[in-house]
Amino acid sequence: DDDRMDLPTLQAFHDECELQGYGFNAVIDFRTTVRQLRQDVLSTGRATFAMRDMKYSLIMEQLQPTPVDIITPRNSWGFKWTKRFVEIPHAFKVRFVDEANNWEQGERTVYADGYTQSNASIFEEVDAGLGVTSNRQVYRLKRREMKEATLRTQDYQVQMDVENITFTRGDRVQLVHDVILAGGDQGRITAMT
């Protein structure tokens, strides 16, 4: 029923996909689950399934100007920090079903910043994913993956009591912690005159 769905968020997702030129085109002639197919469809638009206020919804990665909460050593504990050192390929060779070429198997080479056909030597062969059939969409999704692999090399993990959690998955939060020197010093007011 419509009252069980977060229709404004779904509409915003549709509008963003229209704006970016994202689409999902596939013939489903194999066994799958509704859950898996739902995630396949959402992933072509850079979203993931979520429940918000007991309604079917989704989470899109989008710019959020202000954080909804601040995580500090005062409201969390057990801080863990992991840094990944990965060798980023110079280019992806992406296989996909090309809608512009009569739905035949196609390949698109997507280069990282600073690399071209003349100087790239490290290639990684990948699939575009189910439902991605547009050459433009392949390029945009794989360029984004490369930038994420370059810029998102650190994982932070904390534990919090449930009464301190005021955010949900997908919300922007700020981290202030002395271990990683993020946010500078911290303190609390003990008296006022």
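Relevant structure appears above.
Read on for an overview of the structure. Predicted model only: the values in this text are computed from it and were never measured.

1. Here's the deal with the overall build of the protein
Now for step 1: Per the secondary structure count, the protein includes three helices and nine strands.
Now for step 2: If you list the helices and strands of the protein from N to C, you get α-α-β-β-β-β-β-β-β-α-β-β.
Now for step 3: By the compact-globule yardstick of 16 Å for 193 residues, the protein is too spread out, its C-alpha radius of gyration being 21 Å.
Now for step 4: Seen along its three principal axes, the alpha-carbon backbone of the protein occupies a region of about 75 × 55 × 30 Å.
Now for step 5: Counting the 193 residues in the protein, one finds 26% classified as buried.
Now for step 6: Considering only contacts in the protein between residues 6 or more positions apart, those separated by 24 or more positions represent 71%.
Now for step 7: Surface summary for the protein: the accessible area is close to 13,800 Å², and the carbon and sulfur share equals 50%.
Now for step 8: Charged side chains in the protein number 24 positive and 29 negative. The centres of these two groups are separated by 4 Å.

2. What to know about the sheet that holds strand S6 (residues 104-111)
Now for step 1: Pairing within the open sheet is mixed, and its three strands lie in the order S6-S5-S7. Edge positions in the sheet fall to S6 and strand S7 (123-127), since each of these pairs with one other strand and no more. Neighbouring strand axes in the sheet, compared pairwise and without regard to direction, differ in orientation by 25 degrees on average.
Now for step 2: One ladder, built from eight bridges, connects strand S5 (residues 91-98) with S6; its direction is antiparallel. Each bridged residue has a counterpart across the sheet, and for valine 97 the counterpart in S6 is glutamine 105.
Now for step 3: On the sheet, helix H3 (residues 135-151) packs against S5, S6 and S7 and is oriented at approximately 40 degrees with respect to S6.

Definitions and limits used
- Residues numbered from 1 in each chain as written.
- Predicted model: local features only at pLDDT ≥ 70, side-chain atom pairs only at ≥ 80, totals over all residues.
- Heavy atoms only, no water.
- Helix = DSSP H or I, 4+ residues; strand = E, 2+ residues; numbered from the N terminus.
- Rg over C-alpha atoms; globule rule 2.2 N^0.38 Å.
- Buried < 20%, exposed > 50% of the residue type's maximum accessible area, 1.4 Å probe, protein only.
- Contact = heavy atoms within 4.5 Å.
- Areas by Shrake-Rupley, 256 points an atom, 1.4 Å probe, with all protein chains shown as cover.
- Lys, Arg positive; Asp, Glu negative; His and termini not counted.
- Charge placed at Lys NZ, Arg CZ, Asp CG, Glu CD.
- Pairing = 2+ DSSP bridges.
- Axes fitted to C-alpha atoms, helices over the stretch in contact; angles between N-to-C directions.

Without other data, these values stay purely geometric and don't point to any function.
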